[in-house]
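Here are the chains, one letter per residue:
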Amino acid sequence: MAQVSSYNLDQKFDFTASLKKSIMTVLGLGVALFAVGVITSLFGGHHDEAADASGHAYHWYHRVFANLWINNVYFTGIAVIGVFFFAIQYAAQAGWSTGILRVMLSLGNWLPIAGVLMIVTFFVASHDLFHWTHSYLFDKNDPQYDYIIDGKGAFFYWPMEKGSFPIFFIIRMIAFFGIWVFFFNKLKNLSFAEDNLSGSHDWSNIRKWSAIFLVLFAVSSSIAAWDWIMSIDTHWFSTMFGWYVFASWFVAGLSVITLITLYLKGKGYLEMVNENHIHDLGKFVFAFSIFWTYIWFSQFLLIYYANIPEESVYFVERLQSDVYSPFIFVNLALNFVLPFLVLMTRDSKRHGVFLKVVCSLIILGHWFDFFLMVQPGTLGHNGGFGLMEIGMLLIFGAAFVFVVFKSLAGKNLVAKNHPMLEESYHHHI
Amino acid sequence: MERDKNFVLGVFDDEDVLLDAVSKVRGSGVKIHEVYSPFPVHGIDDVLGYKRSRLPIAAFLFGILGTTLALVMQFYMMKIDWPMIIGGKDHAAFPDFIPVTFELTVLLAAFGMVGVFMVSSNLKPWAQPRIFDLRITDDKHVMAIDLATNASLGEEKIGDILKSSGATEVNKKSFE
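Residues numbered from 1 in each chain as written. Chains lettered and ligands numbered in written order. Predicted model: local features only at pLDDT ≥ 70, side-chain atom pairs only at ≥ 80, totals over all residues.

Trainee: What is the right way to read the overall build of chain B from this model?
Mentor: Of regular secondary structure, chain B possesses five helices and four strands. Shown N-terminal to C-terminal, the secondary structure of chain B runs as helices and strands in the order β-α-β-α-α-α-β-α-β. The globule rule puts the C-alpha radius of gyration for 176 residues at 16 Å, and the 25 Å found for chain B is more than 25% above it. Projected onto its principal axes, the C-alpha coordinates of chain B cover approximately 80 × 35 × 30 Å. Evaluated residue by residue, chain B yields a buried proportion of 18% over its 176 residues. By sequence separation, contacts in chain B at least 24 residues apart represent 80% of the contacts at least 6 residues apart. (Helix = DSSP H or I, 4+ residues; strand = E, 2+ residues; numbered from the N terminus. Rg over C-alpha atoms; globule rule 2.2 N^0.38 Å. Buried ≥ 20, exposed ≤ 12 C-beta atoms within 10 Å, placed from the backbone. Contact = placed C-beta atoms within 7 Å.)

Right under this line is the structure:
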């Protein structure tokens, strides 16, 4: 019977100039589309006199900020899911995934960049993205004083005075990125240290750090979802929201892992990864697409059924809007109907063609999910899906892929001393 | 000679030997009736050349039946038979129907799949199982070869092929 050692385990990914060029072309295309989008909205946008007078005028850069925020949150999620899925493999002592561990881990390289972008965007765009950053909401003598937001103020401003500097919010943002980047580096160093030694010492060590990370991630990912997305609609709240955002991130992250694995296999790397491993990745994408739908629908059904105004406003804003209502159905079609029907059969999960199409569309679909979370609360009827959105998505996507491929290049693609490598190779389903 | 009556049995100790033996025996032109094992042997369905099970198709069809039944039932009850206004919603409020639809889909898909499996595997409660060798419930793998389907080779030749591919014993078994 064939052994895993009959393959070249020291294979290294060659980040060729032509590949770099194609990524740069996509980036350039994104910049061009984005620029055209900005110019059109500069000259084409109508001017709302009434809104101008109240100090809430809509400017083209609001849409830029909203786009930055959508992609920041989305790609941060994909990056941290790479580390999360890697940690899950160790905590669960999974053997099947050993050949693709490095692919999962590579997504985390985006995290430091994402952290900087997130913090900078928050400081630049706080008033335009987050209603709660206005200090008049907390001033009892101001006509615009908001009793409900005042009650929630401590969540952002503690221990400082409400309406001043959102120190608690900023500390959380820095702490979450700090934790995620710290654990990513720890796991990466341990995983690559293993290449020089055999034995299970590093494996046990990674397992310990993974378990700690998973506990911290469970809390931080949920609170990050409230902070970065749910607080946009400050009055509204949903107890499902942490899970909802996590599920969206997870499916998108799994799709990216699957696509990169298929790409590397297509180029002749990851020789020991076969259709059984691809099948398992496909099952994950299939299962968690349904999980996302379950969470999405659980949130929707309870709000729809109870029909309490303070809760249903979230869906009224989206379903009864000319701008956003079509995207609700695009969202459900791309993220539920498509993976559910296409990935149901065994063959479609074992053959790369189906997976490539479905995973690409899922990545787009979950971008629409975040688009629907962020834009209605920040831009209202001024939002939409146009050149600016496509351009920004291409820019972020190309930059993300560039960082991930650069980190994969020049290092071993397979954890060659992993104690379960042989088991992974003989994985059969 | 009648089919399904007289069998030559090759008894194997080890599943790796068994896997190789299946390929060898099939390679020498013998048609295998069935292989019995005390535990699942990975990859044996591939070497035996079994076609993919059609059970998932049955499950899918039963699932669709469940979806349809659930939607028709709820629509009939809520819209036609006894319309009531609940929470100010339309009589046929589609989102409300989804949980029940989901449950009935899963229920019928699961029950249908179990039922089809029972019938197709001859696991009817009144079915009389044929035991080729009692040791298949303990520590031996048994390859059963129907003499009637391999009449051109003859009992002795089949026995030799089994021996040469690693069988520890070759027995004969007849059923009434």
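Trainee: Mind showing me how you'd approach the interface of chain A and chain B here?
Mentor: Tallying the contact residues gives six residues for chain A and seven residues for chain B. In the side of chain A that touches chain B, the residues fall into four nonpolar, two polar and no charged. (Nonpolar A, V, L, I, M, F, W, Y, C, P; charged D, E, K, R; others polar.)

Trainee: What is the right way to look at the sheet that holds strand E3 (residues 141-146) of chain B in this model?
Mentor: Hydrogen bonds along the backbone pair up the strands of a sheet, which may run parallel or antiparallel. Residue and element names in this part refer to chain B. Strand order across the open sheet formed by four strands is E2-E3-E1-E4, with antiparallel pairing between neighbours. Single-partner strands in this sheet number two, and they are strand E2 (34-36) and strand E4 (169-174). Each adjacent strand pair in this sheet contributes to an overall mean axis angle of 25 degrees, direction not counted. Bridging between strand E1 (residues 6-12) and E3 involves six bridges; their strand directions are antiparallel. Counted as the bridge partner of Phe-7 is Asp-146 from E3. Against the sheet, helix H1 (residues 15-27) contacts E1, E2 and E3, and its axis sits at roughly 15 degrees relative to E3. Against the sheet, helix H5 (residues 155-164) engages E1, E3 and E4, with an angle of about 15 degrees to E1. (Pairing = 2+ DSSP bridges. Axes fitted to C-alpha atoms, helices over the stretch in contact; angles between N-to-C directions.)

Trainee: Any chance you could explain the confidence of the model for chain A here in plain terms?
Mentor: Counting all residues, the mean pLDDT for chain A is 93, and 97% of those residues have values of 70 or more. Per-residue pLDDT, averaged within each element of chain A, yields its smallest value for helix H2 (residues 49-53) of chain A (50) and its largest for helix H10 (residues 241-266) of chain A (97). (pLDDT = per-residue confidence, 0-100.)

Trainee: I would appreciate a short explanation of the nonpolar core in the present structure.
Mentor: A general feature of soluble globular proteins is that nonpolar side chains tend to end up buried together. Judged by nonpolar contacts, the single largest core of 115 residues is most densely connected at Ile-78, Val-83, Met-104, Trp-110, Val-251, Val-285 and Val-404 of chain A. The leading source of residues in this core is helix H3 (residues 60-91) of chain A, at 19 residues. Apart from residues no more than four positions distant in its own chain, Val-404 of chain A is found in contact with Ser-106, Leu-107, Asn-109, Trp-110 and Ile-260 of chain A. Among the nonpolar cores identified, the runner-up in size contains 19 residues, and Val-8, Phe-12, Val-35 and Leu-147 of chain B belong to it. (Core = buried A, V, L, I, M, F, W, Y, C linked by C-beta atoms within 7 Å.)

Trainee: Is there a simple way to explain H5 of chain B in this structure?
Mentor: Residue and element names in this part refer to chain B. Burial in H5 covers these residues: Ile-158, Ile-161 and Leu-162. Looking down the long axis of H5, one finds its buried residues gathered within 100 degrees of arc, a one-sided arrangement. Exposed and facing more than 90 degrees away from the buried side of H5 are Glu-156 and Ser-164. Where H5 is buried, its residues touch E1, H1, E3 and E4. (Arc of directions from axis to C-beta.)

Trainee: Help me understand the UniProt feature "transmembrane region" (unreviewed entry) in chain B in this model?
Mentor: Residue and element names in this part refer to chain B. The sites that carry the UniProt feature "transmembrane region" (unreviewed entry) are, in the present numbering, residues 57-77 and 97-120. A distance of 30 Å separates the end C-alpha atoms of residues 57-77, which is 100% helix and 0% strand. Taken end to end, residues 97-120 has its terminal C-alpha atoms 34 Å apart, with 100% of it in helix and 0% in strand. (UniProt positions renumbered as here; feature names shortened; annotations may be inferred.)

Trainee: Honestly, the environment of Ser-204 of chain A in this entry has me stumped. Any pointers?
Mentor: All names here are of chain A. Positionally, Ser-204 belongs in helix H9 (residues 201-228). Exposure remark for Ser-204: the 11 C-beta atoms within 10 Å place this residue in the exposed category. Along the backbone, Ser-204 and Leu-19 are 185 residues apart, and their C-alpha atoms lie at a distance of 37 Å.

Trainee: How should I be thinking about the packing of helix H3 (residues 55-81) of chain B against helix H4 (residues 94-120) of chain B in this particular structure?
Mentor: To characterise two packed helices, one gives the angle between the axes of the helices and the distance between these axes. Residue and element names in this part refer to chain B. Interaxial distance between H3 and H4 falls to 7 Å at its minimum, and their mutual angle equals 145 degrees. Relative to H4, the crossing made by H3 is right-handed. The residues of H4 that touch H3, namely those facing Leu-55, Ala-58, Ala-59, Phe-62, Gly-63, Leu-65, Gly-66, Thr-67, Leu-69, Ala-70, Leu-71 and Gln-74, are Phe-97, Val-100, Thr-101, Leu-104, Thr-105, Leu-107, Leu-108, Ala-109, Gly-112, Met-113, Val-116 and Phe-117. Classifying every residue of the contact of H3 with H4 by side-chain character gives 17 nonpolar, seven polar and no charged. (Left-handed = near helix turned anticlockwise from the far one by under 90°.)

Trainee: How do you make sense of the confidence of the model for chain B when you look at a structure like this?
Mentor: Low pLDDT marks regions whose predicted coordinates should not be analysed in detail. Residue and element names in this part refer to chain B. Taken over all residues, the pLDDT of chain B has a mean of 92, while the share at 70 or more is 99%. For chain B, per-element mean pLDDT is lowest for helix H2 (residues 44-47), which scores 90, and highest for H3, which scores 96. Here the complex is predicted with pTM 0.91, and the ipTM for its interfaces comes to 0.81.

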